[in-house]
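Letter by letter, the chains look like this.
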Amino acid sequence: MFLTFEEFQTNLVHVQKRIWEACRVAGRDPDSVGLLPVTKTHPPEAAEYVARAGLPAVGENRVQEARDKQAAAGCTGLRWELIGHLQSNKAKLAAAVFQRVQSVDGAKLLGVLARAAEERGAVLPILVQVNAGADPAKFGCELQEASGLIESALRAPSLRLDGLMTIAPLSDDPAVAERTFANLRELRDRMATQFGVPLTELSMGMSGDLDAAIRAGSTQVRVGTALFGRR
Ligand SMILES: *Cc1c(COP(=O)(O)O)cnc(C)c1O
């Protein structure tokens, strides 16, 4: 059985306390870290809970699943963000379903998304996903390719590049995630200087490593398990 709204609220308080504590340790303003609840594989109620709790957005990793949930969930006003790998042939639908795409990881996808947004007469907010932990099991452009992709994103009038996203490799060693997050932060700082744009959003940190991500400068943690239980 899916958790109740009260159970969700209890989990939410725990997650918020972790965010505040990590901000305190890092000397950061807690308002500088957003929480993106990840509702993938959970029923539409998950998105309804998020809206009821007054949070602004949810993350989903599949286009069709998000679309079905939007139709089923009785909640308007939520923003939906794509955090999973996107194939170019689904980019057009993704541009219609999501208010931001965090998983832009290649030139071809970037081009198709830019055209899809242009056809809609809209500007689509995006993040460039970087494989900042050089993990063969993860999507995302390689650190060395990021500069070219970021430049292309900044040149596309129908796209708005908000910043960067990464997923740390699975590891028992906390230093692996710490290094990954530091890599993304350093890349962002370099790119911001190189291109003269802020690239404000650093989407990094999940249930298991959000504390380390916040210490490294995350501005958005994407949290599923700690809010909704195991998938
Ligand atoms: C599933 C997922 C999350 C949430 O992971 P949890 O460990 O359940 O918090 C975050 N980011 C991405 C890209 C995901 O696919």
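Our structure's up above, just so we're on the same page.
Described below are features of the structure shown in this document. Please read all numbers here as calculations on a predicted model, not as lab measurements.

Within the structure, the ligand sits among V38, K40, I83, I167, M206, S207, R222, V223, G224, T225 and R231. Measuring from an oxygen atom of the ligand, one finds a backbone N or O atom of G224 at 2.8 Å. Tallied by class, residues from the shell around the ligand come to five nonpolar, three polar and three charged.

A word on the pairing of strand β6 (residues 159-165). Of all seven residues in β6, six are buried, a share of seventy percent or more. Two elements, strand β5 (residues 124-129) and β6, share six bridges in a ladder whose sense is parallel. Within the sheet, the bridge partner assigned to I126 lies in β6 and is L161. Taken together, β5, helix α6 (residues 146-155) and β6 constitute a β-α-β crossover, and its handedness is right-handed. As paired elements, β6 and strand β7 (residues 201-203) share three bridges and run parallel to each other. Counted as the bridge partner of M165 is S203 from β7. Remark: the β6/helix α7 (residues 174-195)/β7 crossover connection has right-handed handedness.

The next thing to look at is the pairing of strand β2 (residues 57-60). Successive side chains on a regular strand alternate, one facing one side of the sheet and the next facing the other. What you see with β2 is no split at all: A57 and G59 on one side and V58 and E60 on the other are buried throughout. Pairing analysis gives four bridges linking β2 to strand β3 (residues 79-82), with the strands arranged parallel. Following the sheet pairing, A57 is matched in β3 by R79.

Secondary-structure assignment places E81 in strand β3. With relative accessibility at 1%, the residue E81 sits in the buried group. A distance of 3.2 Å separates polar atoms of two side chains, one belonging to E81 and the other to R79. Leaving out residues up to four positions away in the same chain, E81 has contacts with L36, A57, V58, G59, E60, F98, R100, Q102 and Q220.

Let us look at the pattern of salt bridges. Tallying each qualifying case throughout the model produces 15 salt bridges. Across the pair E201 and R100 runs a salt bridge whose closest N-O atoms are separated by 2.7 Å. On the criterion of sequence distance, the pair formed by E201 in strand β7 and R100 in strand β4 (residues 100-104) is long-range, its members being 101 residues apart. Residue class for E201 comes out buried when judged on its relative accessible area of 17%. With a closest N to O distance of 3.4 Å, K138 and D135 form a salt bridge. By relative accessible area, D135 is classed as buried at 12%. Overlapping salt bridges, with partners in common, bring together R79, E81, R100, R160, D162 and E201 in one network.

You will see that T41, though not glycine, has its phi angle at about 70°, which is positive. Among the structural elements, T41 can be located in the loop between β1 (34-37) and α2 (44-52). A positive phi angle is found at L199, which is not glycine, with a value near 45°. Following the sequence through the fold, L199 ends up in the loop between α7 and β7.

Analysis parameters
- Residues numbered from 1 in each chain as written.
- Predicted model: local features only at pLDDT ≥ 70, side-chain atom pairs only at ≥ 80, totals over all residues.
- Heavy atoms only, no water.
- Near = heavy atom within 4 Å.
- Polar contact = N/O pair within 3.5 Å; in protein donor to acceptor, adjacent residues only side chain to side chain.
- Nonpolar A, V, L, I, M, F, W, Y, C, P; charged D, E, K, R; others polar.
- Buried < 20%, exposed > 50% of the residue type's maximum accessible area, 1.4 Å probe, protein only.
- Helix = DSSP H or I, 4+ residues; strand = E, 2+ residues; numbered from the N terminus.
- Pairing = 2+ DSSP bridges.
- Right-handed = clockwise from strand over helix to strand, strands pointing away.
- Contact = heavy atoms within 4.5 Å.
- Salt bridge = Lys/Arg side-chain N within 4 Å of Asp/Glu carboxyl O.

Take it as geometry only, folks, not as evidence of what the structure does.
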